[in-house]
Amino acid sequence: MSTTKKTVVADYLRDALARGVYRPGERLPGEEELAEELDVSRATARLGMRILQDEGRIAIQVGRGAFVANHQPITHLAEPVTADGDSGSLESGYSSRLRQAGHGDVDERVRVSLDTMRPRVAKRLINGPEQQSPNAGLVVIRASEHLVDGGLWQTQITYFPFSIANNTALMTPEHLAGGIAGAMRALGFHEEWNRDLVGARMPSQEEADAFGLGPGTPLLVQERVTYEGQRPLRFTETFMPANRHQLLYTGGDAPENLPAVDTDLSIFEH
């Protein structure tokens, strides 16, 4: 199969980015310059650049040109290092690293609702005492929006069986000082273990607008269910633009305070 001319342009730019010819935030050659360099039309050069825009590698700004995407992801723990930790908490999870990166305004907005348990949620939560509960079909939903410098940075939705969260602090749209994990401990629930499922997908238009995402940037989705024995206690989904976040998992007897170098690494480094 022959390679189209727009693919030649895209491959040329992709290789240049991989070799570090152009650094994050740097302006790329214009359409006319690329067209002359690769012996293609300006329209073809434009189509080739749009391929990289759709991949999230460059950002095209009308009237200014094309720039290398400046991905500066914030590292946060995908799981707590200590038994008392709560990686899902903005304050204890990664807000300090956001501030170290120069983001001064870090805030959280919480909404709580009660709803019927949809099949995909029930699949993860109904196992144990909730199966016999008269309110087995109800779920308490605690939705948290993490805001950085006034923009949406991350969203997190946690589902609790009604029998666990009813008439507790989990149903109040207030900041939980010890995070959800602390509130669960206060209620006498011991989160003994968890299982995570992590994947990526393209955002819906509504999600792209909410996060302020350009073409080609996927959402990183982390799904976690915590258990006490075989009983599911909560199901949490975290939605993160892939160009702003990276998850750090630890294994073995990891130190309580991870070396700073671990949080300075970036998957976008060349």
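Quick notes on the rules
- Residues numbered from 1 in each chain as written.
- Predicted model: local features only at pLDDT ≥ 70, side-chain atom pairs only at ≥ 80, totals over all residues.
- Heavy atoms only, no water.
- Axes fitted to C-alpha atoms, helices over the stretch in contact; angles between N-to-C directions.
- Helix = DSSP H or I, 4+ residues; strand = E, 2+ residues; numbered from the N terminus.
- Parallel < 35°, antiparallel > 145°, perpendicular 65-115°, else oblique.
- Left-handed = near helix turned anticlockwise from the far one by under 90°.
- Contact = heavy atoms within 4.5 Å.
- Pairing = 2+ DSSP bridges.
- Phe/Tyr/Trp six-rings, centres within 6.5 Å; stacked < 30°, edge-to-face > 60°.
- Buried < 20%, exposed > 50% of the residue type's maximum accessible area, 1.4 Å probe, protein only.
- Core = buried A, V, L, I, M, F, W, Y, C linked by side-chain atoms within 4.5 Å.

Engineer: Please explain the packing of helix α1 (residues 5–18) against helix α3 (residues 42–54) as it appears in this structure.
Structural biologist: Working note: a packed helix pair is described by the angle between its axes plus the distance between those axes. Contact geometry for α1 and α3: axes closest at 8 Å, N-to-C directions at 50 degrees. Compared by their axis directions, α1 and α3 come out oblique. Judged by the sense of rotation from one axis to the other, the crossing of α1 with α3 is right-handed. On the side of α1, the interface is formed by K5, K6, V9, A10, L13, R14 and L17, while α3 contributes T44, A45, L47, G48, M49, I51 and L52.

Engineer: Would you take a moment to explain the sheet that holds strand β8 (residues 219–228) for this structure?
Structural biologist: The strands making up a sheet are joined through hydrogen bonds of the backbone, oriented either antiparallel or parallel. Read from one edge to the other, the open sheet built from 6 strands follows the order β4-β5-β6-β9-β8-β7, with strand pairing classed as antiparallel. Edge positions in the sheet fall to β4 (106–116) and β7 (193–201), since each of these pairs with one other strand and no more. Strand after strand, the sheet turns through a mean of 15 degrees between neighbouring axes, direction not considered.

Engineer: Is there a simple way to think about the environment of L38 in this case?
Structural biologist: Positionally, L38 belongs in helix α2 (residues 31–38). The residues contacting L38, other than those within four sequence positions of it, are V9 and Y12.

Engineer: What is the right way to look at the side chain of T217 in this model?
Structural biologist: For T217, the position within the fold is in the loop between α9 (205–211) and β8. The contact partners of T217, leaving out residues within four places of it in the chain, are M202, P203, A242 and N243.

Engineer: Explain the packing of aromatic side chains to me, please; I cannot follow it from the model alone.
Structural biologist: Aromatic ring pairs: the centre-centre distance and the angle between the two ring planes describe each pair. Summed over all chains, the structure comprises 2 aromatic pairs. Taking 5.4 Å as the distance between ring centres and 20 degrees as the angle between the ring planes, the aromatic pair formed by Y159 and F235 counts as stacked. You can see Y159 sitting in strand β6 (residues 151–161) and its partner F235 sitting in strand β9 (residues 231–241), a full 76 residues away along the chain.

Engineer: Mind showing me how you'd approach the pairing of strand β5 (residues 138–148) here?
Structural biologist: Moving residue by residue along a regular strand, the side chains alternate between the two faces of the sheet. Taking burial as the measure, the 11 residues of β5 include 10 buried ones, the bulk of the element. In the sheet, β4 pairs with β5 via 11 bridges, with the strands oriented antiparallel. Counterpart to D107 in the pairing with β5 is L147. When β5 meets β6, the two strands line up antiparallel, connected through 10 bridges. Following the sheet pairing, R142 is matched in β6 by T158. The hairpin turn running from β5 into β6, its antiparallel successor, is 2 residues long, and D149 in that turn takes a positive phi close to 50 degrees.

Engineer: Looking at this model, I keep getting lost on the nonpolar core. Mind explaining?
Structural biologist: Where a protein is soluble and globular, its nonpolar side chains tend to be buried together. One finds L17, L28 and I58 to be the most contacted residues of the largest nonpolar core, which totals 16 residues. Contributing elements (two or more residues each) for this core: α1, α2, α3 and β2 (65–68). The greatest single-element share of this core, amounting to 5 residues, is contributed by α1. Not counting chain neighbours up to four residues away, the residues in contact with L28 comprise L17, Y22, I58, A66 and V68. Counting residues in hydrophobic clusters, the runner-up holds 12 residues, among them F160, F162, A165 and M184.

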